[in-house]
Amino acid sequence: MTLPGRKTVVFIGVAAALGTTAAVWDWNWFRTPLENHLSERSGRAVRIGDLHLSFAGFDPTVRLRQVHIPNAPWARTTAGQPFAVASEVSFTFAWRSLIERRPVVSRLVLVDADVALERRADGLRNWRLRNPGDRGPGKFKFLRLEARHSKLRFVHEAAGLDVRTAANALPAEVPVDNGAPLTTRIDFDGTFRDVRFAGSATTSRVLTFLETGEPFSLRAAATSGKTRAEAEGQVTDLFKLTAVDASLRLAGPSLADLHGLLPHAWPDTAAYQATAHLSKAEGLWTFTDLQARVGRSDLAGEARYNASADRPFLDATLKSRTTHVTDLWPKAAPSAAPAAPAQRSRLDLRPFDGDVTVNVQTLHVPGLPPLSQVHAKAHLDDGLLDLTPVQARLAGGHAQGLLVLDARQQPPAARVELSWHNLRLEQLLPALPDGGEATGPVSGQVKLTSRGATWHDLVAHAAGQGSAQLKGGRLSAALDAKLALNGGKLLRAKVGGAADVPIHCARVDVVLRDGHGDVFPLLLDTAQTRIDGRGQVDLRGQRFDLLLTPAPKRTALLALHQSIQVTGSFDDARIALVKAEAIGSAGGCDTAPAVKASR
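To start, this report covers the structure provided alongside it. It should be emphasised that the depicted structure is a prediction, and the values quoted were computed from it without experimental measurement.

1. Some remarks on the packing of aromatic side chains
Thinking step 1. Going through the model one piece at a time under the given rule, you end up with 7 aromatic pairs.
Thinking step 2. Arranged with centres 6.2 Å apart and planes meeting at 80°, the rings of tyrosine 305 and phenylalanine 352 form a pair that is edge-to-face. Of this pair, tyrosine 305 sits in strand β17 (residues 297-306) while phenylalanine 352 sits in the loop between α4 (325-328) and β19 (353-364), and the two are 47 residues apart along the sequence.
Thinking step 3. Residue class for tyrosine 305 comes out partly exposed when judged on its relative accessible area of 26%.

Structural data, given as structure tokens:
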């Protein structure tokens, strides 16, 4: 048998001596001096019914019974209730931290306690008794907490937080796979940034806060309005979230309801629900089995957020079978007043970098036929967002483009390029009245730049140009007659079933300056009619005004010598016949316009 060494014997002897002394010594000799010292320093009548000291090895545990400490005289939110009333409070200190004068409470136990913590916006804290006016960093670290039949309220004015909790033992322990059993129920409610919340959690006996590396079990559910969040799993060191392994669920009527709980504004979406498994280790947050539904839209995939990198980095791969833009970003009603600049979501791309890839099988955009096989990849680097490429199948053709948004400068600058090839006109147009039909392949491109602090500002200040052309299409005879204002031809088309009219070419060009655009040329050239047009478009007001003047290629006795005016908003257009106005010829579809648009 190996005998213990001398150092071991000395350690055992010292520990035994401390334990024996602590057990037999009447530590209440120090109770009155402690009360007087704290009362004098804090200006409050501190009362302690019993004081006891014990040792586990060299770590001392101070146990106080029948504690009563009045609140700070400056307390506002918690005024009228004591700072602390407890049947028993015990503090276990890490011995080395006392030697180094950096006290660490490795374990705090509250029994039948009611504690109200208040921190004012100016830094005053009502729990500082020895130096109540100190606004500096904390002097103590609390690593673990065990609360038995106790209440705790915490008010942080600067953060807009006021939360109340009540901890009670469960009737029986609840086993947990790969974790400590659940023993305690914690009910909570309060406000955060003026938004109310409430919920409950069941946890294992001891909660870890800092630097322990010890997980505790958690099952929690919380509500705010009609939004509900749930979590179940293991959490390590609650204040720093050193490690997490939990399943999450979030559901609500709209993401806009999260505006008070999250730092950024969210759009007013359709009802949503989302689930995911979250794990965190060494600063890397990983979301797997991500499944979400917003209205009719679905989303799945995984994401990783590295908070420990030089700059936080988000990496995600997402896919969707069906996405409806109006579910995610519904358009405001036409009568609604535009949001004030302060209420609009500002472009803030500096907090993190990232790579996000999105694939959507079918994308529904208002005013367009469904897009299919949509692929987009976004790269964000120190405020520079590069969305390249964006590709999709649309109306039997193909579209591709890019978006570059530079938020490194103020206001941010944006560049958009989009081109499309061989889109079928008949799939792009809504159903036309009286069986009217127009067919043919449409190709074109748009190149825009802008600057603005919000998405609304970027649209309102867009500058650049766009064009679209069609060659080799056809018009129904009735539609060609209507556009030509040719009554005789329209009558023949309805009675005799005239053949379709070939389209030689169609063309529209738009030049934008600071959100306002000139439309010229606007040309439709068929075998029987040529229509020239011009107009203006206002992206800020989302309105347009177009003038079309038809010219039959053959003499037409019943043709009206007038122009067609089309005006209105992007949601609602009005058509009227006005006095004929000559419009300069734009040449053909392969030539530059001969005359600029003018009013």
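2. A short note on the side chain of glutamate 146
Thinking step 1. In this structure, glutamate 146 sits in strand β6 (residues 144-148).
Thinking step 2. For glutamate 146, a relative accessible area of 4% puts it in the buried group.
Thinking step 3. A polar contact of 2.6 Å, which involves the side chain of glutamate 146, links it to the side chain of arginine 107.
Thinking step 4. For glutamate 146, the contacting residues outside a window of four places in its chain are Arg107, Leu108, Val109, Leu110, Arg205 and Val206.

3. A look at a nonpolar patch on the surface
Thinking step 1. A cluster of nonpolar side chains, Trp95, Leu98 and Ile99, forms an exposed patch at the surface whose accessible area comes to about 280 Å².
Thinking step 2. With respect to the helices and strands, tryptophan 95 occurs in helix α3 (residues 95-99).
Thinking step 3. Taking the relative accessible area as the measure of exposure, tryptophan 95 reaches 35% and is therefore partly exposed.

4. Side note on unusual backbone geometry
Thinking step 1. Each neighbour pair has its own omega, and for threonine 388 with proline 389 the value is -5°, a cis peptide bond.
Thinking step 2. Between glutamine 410 and proline 411 the backbone carries a cis peptide bond, its omega angle lying at -5°.
Thinking step 3. Examined against the element boundaries, proline 411 turns out to sit in the loop between β22 (397-406) and β23 (413-424).
Thinking step 4. Here aspartate 382, not a glycine, exhibits a phi torsion of approximately 50°, which is positive.
Thinking step 5. As for its position among the elements, aspartate 382 is in the loop between β20 (371-381) and β21 (384-394).
Thinking step 6. The exposure class of aspartate 382 is partly exposed, given its relative accessible area of 28%.
Thinking step 7. Even without a glycine there, the phi angle at glutamine 542 is positive, about 55°.
Thinking step 8. Within the element layout of this structure, glutamine 542 appears in the loop between β29 (529-538) and β30 (543-552).

5. Section: the environment of alanine 559
Thinking step 1. Structurally, the position occupied by alanine 559 is in the loop between β30 and β31 (562-569).
Thinking step 2. Separated by 78 residues in sequence, alanine 559 and alanine 481 have C-alpha atoms that sit 9.0 Å apart.

6. A word on the pattern of salt bridges
Thinking step 1. Following the criterion strictly, the structure yields 33 salt bridges and no others.
Thinking step 2. Arginine 120 is paired through a salt bridge with aspartate 122; the nearest N and O atoms lie 2.5 Å apart.
Thinking step 3. According to the relative accessible area criterion, arginine 120 is buried, its value standing at 14%.
Thinking step 4. Owing to a relative accessible area of 36%, aspartate 122 belongs among the partly exposed residues under this scheme.
Thinking step 5. As a salt-bridge pair, arginine 424 and glutamate 426 come within 2.9 Å of each other at their nearest N and O atoms.

Rules and cut-offs
Residues numbered from 1 in each chain as written. Predicted model: local features only at pLDDT ≥ 70, side-chain atom pairs only at ≥ 80, totals over all residues. Heavy atoms only, no water. Phe/Tyr/Trp six-rings, centres within 6.5 Å; stacked < 30°, edge-to-face > 60°. Helix = DSSP H or I, 4+ residues; strand = E, 2+ residues; numbered from the N terminus. Buried < 20%, exposed > 50% of the residue type's maximum accessible area, 1.4 Å probe, protein only. Polar contact = N/O pair within 3.5 Å; in protein donor to acceptor, adjacent residues only side chain to side chain. Contact = heavy atoms within 4.5 Å. Patch = residues over 30% accessible without salt bridge, like charges linked within 9 Å, V, L, I, M, F, W, Y side chains within 5 Å. Areas by Shrake-Rupley, 256 points an atom, 1.4 Å probe, with all protein chains shown as cover. Salt bridge = Lys/Arg side-chain N within 4 Å of Asp/Glu carboxyl O.

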